[in-house]
Structure formats: C-alpha cells, structure tokens
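Each chain, written out:
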Amino acid sequence: MGSGEDTWASVRTSQERQAQARPRPDVACRACASANVTVQFGKYGYYLKCGDCGGNTPAKPVCAACGQPGKVSKRGLEFTATCAGGHTWAYWTNPA
C-alpha cells in the first residue's frame, strides 16, 4: 500500500510540474502572449500587467472542471480563483 501511494504522489507531482511548465492561455498578455505577467488591482478589478510590453489584460479565470468564470481573490502574493460551481484553484503567484 505504501509504494502505490508513493508512486501516485510522484505521478501527481510530475503532472503538476508539467502543468506549471505549459503556458496558460488564461494567464498571458493578450498583446504579446507573454507569460511574464503580474496580477495587479485597478479601477476595474484584477488585471495582468505584462513585464515585456507593458500591456494590460483583464484577469478572467475559467474553471477547468466546469468551464464557469472564476472570481479572483488575493492573499499575500498568491491569487486564487473560485467559480460558482464551488471549485477553487491557484490562479497565479506574483514574484516576491
């Protein structure tokens, strides 16, 4: 039982690493498609500020589980999103 759980944990960790390595279309600059962004808060809510071109993109997360739009919330440098279906996921973490 222990080795099966260890294998599952390593597979999950590997999948999480692969997901982080892939560019996420919902967290990229709409002007230049760069993932060099930080999440900021402004007059119209959360948005992505591009470090490459300086462009702004609305932060509009979409739930991977149900496809519903998510609402962004902040805790320190970490941003999470929650959809109406009750799913919560890590949206973005700004660099320190």
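Residues numbered from 1 in each chain as written. Predicted model: local features only at pLDDT ≥ 70, side-chain atom pairs only at ≥ 80, totals over all residues. Heavy atoms only, no water.

Asker: When you look at the pairing of strand E4 (residues 70-75) in this model, what are you seeing that I'm missing?
Answerer: The side chains of a regular strand alternate, residue by residue, between the two faces of the sheet. Pairing geometry for E4 and strand E5 (residues 78-83), over six bridges, is antiparallel. Directly across from Arg75, in E5, lies its bridge partner Glu78. Taken together, E4 and the strand that follows it, E5, pair antiparallel across an intervening segment of two residues, in which Gly76 is found at a positive phi of about 70°. (Pairing = 2+ DSSP bridges. Helix = DSSP H or I, 4+ residues; strand = E, 2+ residues; numbered from the N terminus.)

Asker: Would you take a moment to explain the sheet that holds strand E6 (residues 88-93) for this structure?
Answerer: Strands sit in the order E4-E5-E6 across an open sheet of three strands; the sheet is antiparallel. Unpaired on one side and paired on the other, E4 and E6 mark the two borders of the sheet. Each adjacent strand pair in this sheet contributes to an overall mean axis angle of 30°, direction not counted. Pairing geometry for E5 and E6, over five bridges, is antiparallel. If you follow Thr80 over to E6, its bridge partner there is Ala90. (Axes fitted to C-alpha atoms, helices over the stretch in contact; angles between N-to-C directions.)

The values are spatial; any link to function lies outside them.
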